[in-house]
Amino acid sequence: MKKIHTALLAACLLTTSVLPVLPSSTAYAFSAYSAKVYASSLNVRSEPAAGAVVTGNLAGGAVVTVTDEQHGWLKVRAGSVSGWVAGYYLKRTSGAAASSAGSSSGSGSVKAPVKTSAASSGTASVTASSLRIRGGPGTSHEVVGSLQSGDKVTILLRQGEWARVRTAGGMVGWVAGEYLSGGGIRNVSTSTAGSGSTSRSVVRKSGSIRGKLIVVDPGHGGSDPGMLGTTYDTMEKDLTLQTSLYLRDYLTAKGARVELTRTRGDQKPALSQRVQLGLRLGADAFVSIHYNSSPKNVSGTLTFFYSEQNDLRLARAIETRLGQGIGLRSNGLSFGNYHILRENPLPSTLVELGFLSNPYDESVVRKASYQRKAAQAVAEGVADYFSN
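These figures come from a predicted structure and were not determined experimentally.

J.: So what exactly am I meant to see when it comes to the packing of aromatic side chains here?
T.: The description of an aromatic ring pair rests on the distance of the ring centres and on the angle between the ring planes. A full pass over the atoms with the stated rule returns 5 aromatic pairs. Look at Phe 304 and Tyr 338: their rings are 5.2 Å apart centre to centre, the planes differ by 70°, and that puts the pair in the edge-to-face class. Here Tyr 338 lies in the loop between β21 (330-335) and α5 (339-342) and Phe 304 lies in strand β20 (residues 301-305), a separation of 34 residues in the sequence. In this structure Phe 304 comes out as buried when scored by relative accessible area, which is 0%. Taking relative accessible area as the criterion, Tyr 338 reaches 1% and is therefore assigned buried. Taken together, Tyr 33, Phe 305, Tyr 306 and Phe 335 form an aromatic cluster joined through their ring pairs.

Structure below.
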């Protein structure tokens, strides 16, 4: 997400290279996937910015291959057309190529041959609140879909602790077998961090945010400043923390319980620690706060989601409130393949509240009045999510 490009940050890049920070083009190996155009016509541009040169055009319904992502823009190719498009006009249709059904290699972490066998029964039910479907039998494989508690699947194959299944909608993929009951799969009630799901029952809808536990994640921290403002040298890590403290206060006033992934400027929890905090506490939602950057003169907010089933409704509720006016315009919703969302089974969203690379945005977001407005809008959105 953060593309730090000033010479002033060279030292910071050296320190953060040991532990990836959220979200960065170096934080994960991007896996190409297919997506469909949901616009009557979509311009393809030479760079990830609205003012970049238009190099082509895609018709509505066209299927493209997505090969990269930067601050809400997706790099695509379709036939002879290649370039960048606005991410919120695309909808993901598939993940990376799945492993063959008979493969016994599993994920890269398998240390010994894994027994593969046909399922003893055809039908099973999902017991986890949210269960990820992967392209192969292991957490190293791309997430290609998800299932909810009570969903029925047909078991096609078992490989170690993983099961190859077909969903009611016809999707075929691999899931952690411990979160299936019936079909010859034994259900285990405990969870492991890398299983690809959570066994915790997430209760979201009670008509009120009161009593819900929200994890608020101030991006960056410690030796990782995030983006440095190009005009005033504003440090992103300071803005995210202060905004998150305001957000905590607004959520608490609504009756929610709030936990922050960090509370001081010198703290820098690992991405995995931020995700695990919500799971360990049995949280109901996860909101990560950031400020954006771009090599182009881009302005405004942007709200990211990863799972359409698990995250999109929360992201949309927050974006709707941001779009009602906080001092900067909303750039809408975008798919974000970020660790903090991708590896998080809780309903999660990552919110960018302005571009520190834009002189106007930086002058606005530095003010406490803007940070309070932004935090209030996010809090209202989270409340809307639980009440709708």
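J.: It is not clear to me how the sheet that holds strand β22 (residues 348-355) should be interpreted in this structure. Could you clarify?
T.: The strands that make up a sheet pair up through hydrogen bonds in the backbone, lying either parallel or antiparallel. As summarised here, the arrangement of the 6 strands in space is β18-β17-β19-β22-β20-β21, forming an open sheet in which the pairing is mixed. Either end of the sheet is taken by a strand with one partner, and the two such strands are β18 (257-260) and β21. Strand-to-strand twist across the sheet, computed as the mean angle between neighbouring axes with direction ignored, equals 20°. Against the sheet, helix α2 (residues 236-253) contacts β17 (213-218), β18, β19 (285-292) and β22, and its axis sits at roughly 145° relative to β19.

J.: In this structure, what is going on with unusual backbone geometry? I would like to understand it.
T.: For residues other than glycine, phi is negative in most cases, and the peptide bonds are mostly trans. Backbone geometry places His 220, a non-glycine residue, at a positive phi of 65°. For His 220, a relative accessible area of 3% gives the class buried. Within the chain, Asp 233 stands out as a residue other than glycine whose phi angle is a positive 55°. Locating Asp 233 in the fold gives a position in the loop between β17 and α2. A relative accessible area of 48% places Asp 233 in the partly exposed class.

J.: Quick question: what am I supposed to make of the environment of Glu 161 here?
T.: For Glu 161, the location among the structural elements is in the loop between β12 (152-159) and β13 (162-167). Owing to a relative accessible area of 64%, Glu 161 belongs among the exposed residues under this scheme. Counting along the chain gives 17 residues from Glu 161 to Glu 178, while the straight-line C-alpha distance between them is 7.0 Å. If we skip the residues at most four places from it in the chain, Glu 161 touches Val 175, Ala 176, Gly 177 and Glu 178.

J.: Even after reading the chapter, I still don't get the packing of α2 against helix α7 (residues 368-387), so can you show me in this structure?
T.: When two helices pack together, their arrangement is captured by the angle between the axes and the distance separating the axes. Running from N to C, α2 and α7 point in directions that differ by 50°, and their axes come no closer than 8 Å. The angle between the axes of α2 and α7 places the two elements in the oblique class. Considering how the two elements wind past one another, α2 and α7 form a crossing that is right-handed. On the side of α2, the interface is formed by Leu 239, Gln 242, Thr 243, Tyr 246, Leu 247, Tyr 250 and Leu 251, while α7 contributes Ala 368, Gln 371, Arg 372, Ala 375, Gln 376, Val 378, Ala 379 and Val 382. Taken together, the residues of the contact of α2 with α7 sort by class into 10 nonpolar, 4 polar and 1 charged.

J.: Would you mind showing me how to read α2 here?
T.: Side chains three or four residues apart in an α-helix point the same way, a direct result of the helix having 3.6 residues per turn. Given a rise of 1.5 Å per residue, 18 residues ought to cover 26 Å, and the 26 Å separating the end C-alpha atoms of α2 matches this to within 8%. Every buried residue of α2 is accounted for by Glu 236, Lys 237, Leu 239, Thr 240, Leu 241, Thr 243, Ser 244, Tyr 246, Leu 247 and Leu 251. In this structure, the buried side of α2 is in contact with β17, β18, β19, β22, α6 (359-365) and α7. Just downstream of α2, Gly 255 is the residue with a positive phi angle, here 100°.

J.: Whenever I open this one, the nonpolar core confuses me. Can you help?
T.: In a soluble, globular protein the nonpolar side chains are often hidden away together inside. Membership of the largest hydrophobic core comes to 36 residues, with the highest contact counts inside it found for Ile 214, Leu 247, Leu 251, Val 287, Tyr 370 and Val 382. Broken down by secondary-structure element, the contributors of at least two residues to this core are β17, α2, β18, β19, α4 (312-322), β22, α6 and α7. Setting aside residues up to four positions removed in sequence, Tyr 370 forms contacts with Tyr 291, Thr 301, Ile 326, Leu 328, Leu 353, Val 364 and Val 365. Residues Val 85, Leu 90, Ile 340 and Leu 341 belong to the second largest nonpolar core, which totals 34 residues.

J.: Explain the side chain of Asp 384 here, please?
T.: Within the secondary structure, Asp 384 sits in helix α7. We classify Asp 384 as buried; its relative accessible area is 19%. Residues within four places of Asp 384 in sequence aside, it is in contact with Ala 317 and Arg 321.

J.: It is not clear to me how the packing of α4 against α7 should be interpreted in this structure. Could you clarify?
T.: Where α4 contacts α7, the axes come no closer than 8 Å and their chain directions differ by 140°. For the element pair α4 / α7, the angle class is oblique. The crossing of α4 and α7 is right-handed. Contact with α4, carried on its side by Arg 313, Leu 314, Ala 317, Ile 318, Arg 321 and Leu 322, involves Ala 374, Ala 377, Val 378, Glu 380, Gly 381, Val 382, Asp 384 and Tyr 385 of α7 and no other residues of that element. Here the residues of the contact of α4 with α7 sort into 9 nonpolar, 1 polar and 4 charged.

J.: Sorry, what's going on with the pairing of strand β9 (residues 123-126) here?
T.: Working note: regular strand, side chains alternate between the two faces of the sheet. In the sheet, β9 pairs with β12 via 3 bridges, with the strands oriented antiparallel. Bridged to Thr 123 within β12 is Thr 154. As paired strands, β9 and strand β15 (residues 180-181) are joined by 2 bridges and run antiparallel to one another. Of the residues in β15, the one forming a bridge with Val 126 is Leu 180.

J.: What is the right way to look at the environment of Thr 167 in this model?
T.: With respect to the helices, strands and loops of the structure, Thr 167 is situated in strand β13. We classify Thr 167 as buried; its relative accessible area is 13%. Sequence separation between Thr 167 and Ser 146 is 21 residues; the distance between their C-alpha atoms is 9.7 Å. With residues up to four places along the chain from it excluded, the contact list for Thr 167 reads Ile 133, Leu 147, Lys 152 and Val 153.

Cut-off values and rules
- Residues numbered from 1 in each chain as written.
- Predicted model: local features only at pLDDT ≥ 70, side-chain atom pairs only at ≥ 80, totals over all residues.
- Heavy atoms only, no water.
- Phe/Tyr/Trp six-rings, centres within 6.5 Å; stacked < 30°, edge-to-face > 60°.
- Helix = DSSP H or I, 4+ residues; strand = E, 2+ residues; numbered from the N terminus.
- Buried < 20%, exposed > 50% of the residue type's maximum accessible area, 1.4 Å probe, protein only.
- Pairing = 2+ DSSP bridges.
- Axes fitted to C-alpha atoms, helices over the stretch in contact; angles between N-to-C directions.
- Contact = heavy atoms within 4.5 Å.
- Parallel < 35°, antiparallel > 145°, perpendicular 65-115°, else oblique.
- Left-handed = near helix turned anticlockwise from the far one by under 90°.
- Nonpolar A, V, L, I, M, F, W, Y, C, P; charged D, E, K, R; others polar.
- Expected span 1.5 Å × (residues − 1).
- Core = buried A, V, L, I, M, F, W, Y, C linked by side-chain atoms within 4.5 Å.

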